[in-house]
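Here's the letter readout for the chains.
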Amino acid sequence: MDWEFISNLILASIRMATPLIFLSLAELYSQRAGLVHIGLEGLAAIGSLVGFLVSLISGSPMLGVVAGAAVAILVNMIFAYATVTLCAEQIVYGMAINIFAPALAAFIYRVYFGAGSELVQVKLMDTLSSTLHINADNFLLKLLLDQTPMVYLAYALVIFTAIYFNKTKSGLNYKAVGEYPKAAATLGINVIGVKYVACIICGALAGMGGAYLTTCYANTYVDGNVAGRGFIALAAVIFGRWTGGGVLLACLFFGFCDALQIRLQVGSSGIPYQFFQMIPYIATVVVLALIGIKKAGPKGSGKPYLREER
Amino acid sequence: MKNSNKLISVLVPIISVLLAFAIGCVIMAVLGANPATALQSLWIGAFGNTRNLGTTLARATPLIFTSLCACFAYRCGVFNLGGEGQFIIGSVACCYVATQSGIEGFPGILLCLIVGALAGGVWALIPGLLKVYRGQNEMIISIMLNYVATLFMGVVYTNWLREGNVPQTASVPDATKLSRIFGLRTTSAFLIALVVGLLIYYFLFYTSKGFQMRAVGLNMTAAEFNGFAVKRYVLFSFVVSGLIAGLGGSAELLGTQYRLINGFAAGYGFDGVAMALIAQLHPLATILVAIFFAALRVGSTTMQAATGVPTSVSDIIQALVIVFTVAGLAMVKLPQIKAVMDRMFAKKEAA
Amino acid sequence: MEEFLRIEHVSKKFGDFYANKDIDLTIRKGEVHTLLGENGAGKSTLMNVLIGLYQPTAGSIYLNGKKVRIDSPAQAVKLGIGMVHQHFMLVEAMTVFENIILGDRNTKGIFIDREARKKEIVELSQRYGLDVELDKPITEIAVGAQQRVEILKALYRGAELLILDEPSAALTDIEVEGLFDIMRKLTGEGKSIIFISHKMREVLRISDRITILRAGQTVCTLDRDETNGEELANLMIGRELTPSHYEKITQPGEPVVALEKVDYHKESKHNGLSGVSLTVGRGEIVGIAGVDGNGQSQLAQVVTGVLTPDAGRVDLKGSRVAQFTPNGFILESVSHIPEDRNKMGLIGNMTVKDNIVLKSTDTPQFSAAHGFFLKKRAIREYAEEMKTKYDIRCTSVEQEARNLSGGNQQKVILARELEGKPDLLVAVHPTRGLDIGATRFIHDTMVEAREKGCGVLLISADFDEILEVSDRIVVMFEGQVMGVFSGKEPPIQEISLAMAGK
């Protein structure tokens, strides 16, 4: 355990946490509007593929991220229509998205590159320090400057989210939709509208989280590259107790666990690395078991909203 | 009325399948293939000869188990999304017994299957208990436990039972492998799946307890008012559904895979839930749906070889079937649409 | 006084059912206008139309003489209509302050200006004497305070008309006084109030005018000064006394069930029981009269084992009940026709035949080998027999129970509950929503069961029904027994007053 190991670990944790932050915020916005979305894995997959393709074609990773977000919004509109308008079971439909979107991503990849083609690679997004031509050679500079714009965006979004839900009128209304849609409706809040907006935000953030994987993290697309992050995001939202700050801490913690297990995979310690990977999931189950149903997130979550219900 | 409901529940998946295939055909045509030829080769690839049929049935077997697992719990009104985890834990336990106990042959097989099933049942007990005693959402918990199970299997094949340099376990002894049947490329695992399906069908529709469990699943409040032990049924359904998945994991290990390796059972859990929903929770229909999906998967390889249509088109078709069916089933339950349909059928029945 | 709101010929249909039919109502400025009616008389539906949650099927609404369309709750808020729902529309996870400003459209800016908003709210609350602690979470304040928050919420949105749906239901007597003070202050400032209540005493104290609704229609509107409690009670229940069809019994057999000082959630007046003692003997029908929501549901659920009482003792056929489980009571031959047939009585998605044998599939009659093989033919034949015996009208016994009409659904439950020769039958609102024919059939069946020595506990908000079949009448009010009256030549006046809590 020397300083280099630790500093590398911290830098890796930040890297690992970033896609989780995007996905967890996506889940947070969805759940705050009363929509439990287990389909982020799928949205991230399609976002990651589109991000990859567009940045390959246009040469601009930034454009890739935007495109990834846009396509994920489109796919999430299927979820929105099915769960908000048709009142389909949210978990079931999230699952359907999880089967559909990765299949679509894999299909587009095969069609575009043909079967059995060699691995195509793209240029990754520049970090701030390389854009500014600063030589980031010490830990602090690396931590603060040697990051892609996506990392700064992620933290900005967390701050924005915390302010939005706590300080703004619109954020308060948004939360009311997830807590008690009927009460929100009696106060003139457009419940259905907020839910659709939630799906747009959720799709955009999940798509960005996915695109991060192919534009900032790894320089290529492979099927299954989301690797369970969609579900870790779900865990992070529960573990972070449905707040922006809490979600950030949960993501950093889970990112740290992930960074640690990769280090352990390379080195040979006694403990199998998978035990560290399990932490997010086990932590979530334990948290849920301990807090009980009353405090388990927005109360309107998972339930469809019918306007003229008798 | 009853007939109209049955008709709708059959029509929705059929229309969904047709729609999905129609979209699939458009995609094939756009890719420059002749959809008719492609579909024909898909059919041949899946059922064209005994060899392909055997492969299809072998592919269908684990799916049958996981979808029966989902089907059983859902019949009692609880959503077990943890079929994959229970399947994996079952296969891990089975693998342990098969490779470590030294008991081989038929007694070994029997022991392996029982231990695997029990392990799955115990794994399913966790979400069941949290649901009944803590009121927690069984779906989220069982999803989380899927990942725990997958990672635990990782520990087993990379560490504890690792054989050699490759991260995988040793193969189960030949004497403990399930035998092939009818000279097909499928093993008695398929027969076990069929028997389990029939047993569940019998339990649900021919026994008093099964009847009561369905009543609990359809209306928990009324079931409680009528004196049924609702909590006990919920726990029971979780455990049995875990047993089914665990048995499936064991059968898959002893019949097809022989060893634990990265990617074992990946996706089977959610596939199973989707199939159970498409089959409208009917255990026998579940088996057919699982075979249908397996056929799409197996046949797509032949299709790719014959027409150049990538196998992922088949994945798209499968996904669309799920997307359409689930949306369709929700749609027919909407009050407005239901009213329209009731009127439609009322007229027909009156005529 | 000037007119504020006028409703003309408003109807609201759900499927084929009229929840409101041809309603006329005028609300003046500065008046407390009471809507009086039994449960299901259509008050809530009408209010939901007024606040834009439901769209009326027909009719028009005028505000200050101008025709308006209230197509959304936002529109209602804009027009100055605010409602305090019986089940408060408060977001529990938020504070009092946040609940009040929720959905605010009057102020500009993106951020919440806490200081400015708080100042406004404090001013408003002082003006009407609505003191609340703004920074407390909703879950930490008392029910009376939650109600004040609801009123403040409406006033903050500029409500000119305030609808109070059974506002006194959950309050203590002192809190009710406070509420009335607030109401007077509000009307003094020219605001109008629609007051929904069952409690005659309160209605007579606070109202200026009273409109009576029955079965979805307006009966009449009266000035408070021109009426009295008896007239209102009679109008609300809507009866001319007709002689009962059934002979009344005065000498019941030994008690089947006896309650002694039973408490259940005593502090809740509307969902609790407080020191309830009563007996039901063999071969008698005991009718529980009272306006809905005075503990009747809880009483029914205690004597069927669904709820466990907090204190007191329940004796079933002479021996004390130790454990309260539905199954334990079923084994002691207690039958239950629950208040909500779809939610509690039937498995709607199962067939008629399955529902008839629901409780008895374990018996040798319907299954062999201890339940391991259902005798489907025996079940079917038995169901056919019951279909004839109880005159269940369905296309076949294979039809799903949810598709039956209410009356036939109730007959399915009767067939299930009465064929086992019960010692005690607990029937809760057994004829609610049924037509005359089905109602008559169910009454006949209950009396027939009585003849066979079954004790019947009938709970109904329909006073006619109670008078028609009860051998003894017990009146409940706020979880307590207000009096026991003979069913033979019942003293109607006394009973009506007891029902109103006098």
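## Quick look at the overall build of chain B
- Along its length, chain B carries 14 helices and 0 strands.
- Listing every helix and strand of chain B by position from the N terminus yields α-α-α-α-α-α-α-α-α-α-α-α-α-α.
- Its C-alpha atoms give chain B a radius of gyration of 21 Å, near enough to 20 Å, the size a compact globule of 351 residues would have.
- In terms of its C-alpha atoms, chain B occupies a principal-axis envelope of roughly 70 × 60 × 35 Å.
- By residue count, 59% of the 351 residues in chain B fall in the buried class.

## Observations regarding the sheet that holds strand β20 (residues 455-459) of chain C
All names here are of chain C.
- The mixed open sheet is built from 6 strands, whose spatial order is β16-β19-β20-β13-β21-β22. In this open sheet, the two strands that pair with only one neighbour each are β16 (334-337) and β22 (480-486). Taking the axes of each pair of neighbouring strands and ignoring which way they run, one obtains an average angle of 15° across the sheet.
- Its contacts with the sheet place helix α14 (residues 406-418) against β16 and β19 (424-428), and it is angled at close to 175° to β16.
- Along the sheet, helix α15 (residues 436-451) contacts β13 (285-289), β19 and β20; its crossing angle with β20, the most-contacted strand, is approximately 150°.

## Considerations on α15 of chain C
Residues and elements named next belong to chain C.
- Across its 16 residues, α15 extends 22 Å between first and last C-alpha, which sits within 8% of the 22 Å expected from 1.5 Å per residue.
- Residues of α15 that are buried in the fold lie against β13, α14, β19, β20 and α16 (463-469).
- With its phi angle positive at about 100°, G453 sits one or two positions after the end of α15.

## Observations regarding the sheet that holds strand β8 (residues 192-196) of chain C
Residue and element names in this part refer to chain C.
- Strand order in the open sheet formed by 6 strands is β6-β7-β8-β3-β9-β10, and the pairing between neighbours is mixed. The open sheet terminates on both sides in strands that have one partner only, identified here as β6 (81-84) and β10 (217-223). Ignoring strand direction, the axes of neighbouring strands in this sheet form an average angle of 20°.
- As paired elements, β6 and strand β7 (residues 161-165) share 4 bridges and run parallel to each other.

## Topic: the pairing of β20 of chain C
Residue and element names in this part refer to chain C.
- The buried fraction of β20 is high, at 5 of 5 residues.
- Along β20, one buried face is formed by G455, L457 and I459 and the opposite face, lined by V456 and L458, is buried too.
- In terms of strand pairing, β13 meets β20 through 4 bridges, oriented parallel. Paired with I288 across the strands is I459, a residue of β20.
- Where β19 and β20 come together, 5 bridges link them in parallel fashion. Each bridged residue has a counterpart across the sheet, and for L424 the counterpart in β20 is G455.

## Overview of the environment of K13 of chain C
All names here are of chain C.
- Mapped onto the fold, K13 is located in strand β1 (residues 3-14).
- Taking the C-beta count within 10 Å as the criterion, K13 has 15 such neighbours and is therefore assigned partly exposed.
- Those residues within four positions of K13 in sequence are excluded, and the remaining contacts are Y18 and T57.

## Some points on the packing of helix α11 (residues 268-278) of chain B against helix α13 (residues 312-333) of chain B
All names here are of chain B.
- It is the contact of α11 with α13, at a shortest axis distance of 10 Å, that shows an interaxial angle of 50°. Classed by the angle they form, the pair α11 and α13 counts as oblique. Judged by the twist between their axes, the crossing of α11 over α13 is left-handed. Touching A274, L277 and I278 of α11 are V321, I322, T325 and V326, all from α13.

## Here's the deal with the nonpolar core
- In terms of nonpolar packing, the biggest core is built from 382 residues, with I46, A96 and A236 of chain A, V326 of chain B together with L458 of chain C touching the most fellow members.
- Among the elements that take part in this core, helix α4 (residues 90-113) of chain A stands out by supplying 15 residues, more than any other.

## What to know about the interface of chain B and chain C
- Listed as interface residues are 18 residues of chain B and, on the opposing side, 29 residues of chain C.
- Contributing elements (two or more residues each) for the side of chain B that touches chain C: α1 (2-30), α8 (208-218) and α9 (220-225) of chain B.
- With 6 residues, the top contributor of residues to the side of chain B that touches chain C is α8 of chain B.
- Residues of the side of chain B that touches chain C, tallied by class, amount to 7 nonpolar, 8 polar and 3 charged.

## Quick look at the confidence of the model for chain A
- For chain A, per-residue confidence averages 88 on the pLDDT scale, and residues scoring 70 or more make up 95% of the total.
- Mean pLDDT across the elements of chain A bottoms out in helix α6 (residues 139-145) of chain A (81) and peaks in helix α10 (residues 191-217) of chain A (96).

Parameters at a glance
- All residue numbers refer to position in the chain's written sequence, counted from 1.
- Think of it this way: whatever chain is written first is A, whatever ligand is written first is 1, and the rest follow in order.
- Thresholds applied to this predicted model are a pLDDT of at least 70 for local features of residues and 80 or more for the giving and counting of side-chain atom pairs; totals over whole chains, interfaces and linings are not thresholded and use all residues.
- For the purposes of this entry, the term helix denotes a DSSP run of H or I that reaches at least four residues, the term strand denotes a run of E that reaches at least two, and both are numbered from the N terminus.
- It is over C-alpha atoms that the radius of gyration is taken, and the globule rule equals 2.2 Å times the number of residues to the power 0.38.
- Any residue with 12 or fewer other C-beta atoms within 10 Å of its own C-beta is exposed, any with 20 or more is buried, and the rest are partly exposed; the C-beta atoms used are placed from the backbone.
- A pair of strands counts as paired when DSSP detects no fewer than two bridges linking them.
- The axes are straight lines fitted to the C-alpha atoms, using for helices just the contacting stretch, and the angles between their N-to-C directions are given from 0 to 180°.
- Throughout, a pair of residues is in contact if the C-beta atoms placed from their backbones lie within 7 Å.
- Multiply 1.5 Å by the residue count of a helix minus one, and that product is the helix's expected span.
- By the definition adopted for this analysis, an angle is roughly parallel if under 35 degrees, roughly antiparallel if over 145, roughly perpendicular if from 65 to 115, and oblique otherwise.
- By convention the crossing between two helices is left-handed if the near helix lies anticlockwise of the far one by an angle smaller than a right angle, and right-handed if it lies clockwise.
- A set of buried Ala, Val, Leu, Ile, Met, Phe, Trp, Tyr and Cys residues, joined to one another through C-beta atoms within 7 Å, is what we call a nonpolar core.
- Residue type decides the class: Asp, Glu, Lys and Arg count as charged, Ala, Val, Leu, Ile, Met, Phe, Trp, Tyr, Cys and Pro as nonpolar, and the leftover types, Gly among them, as polar.
- Values of pLDDT, ranging from 0 to 100, describe the predictor's confidence in every residue of the model.

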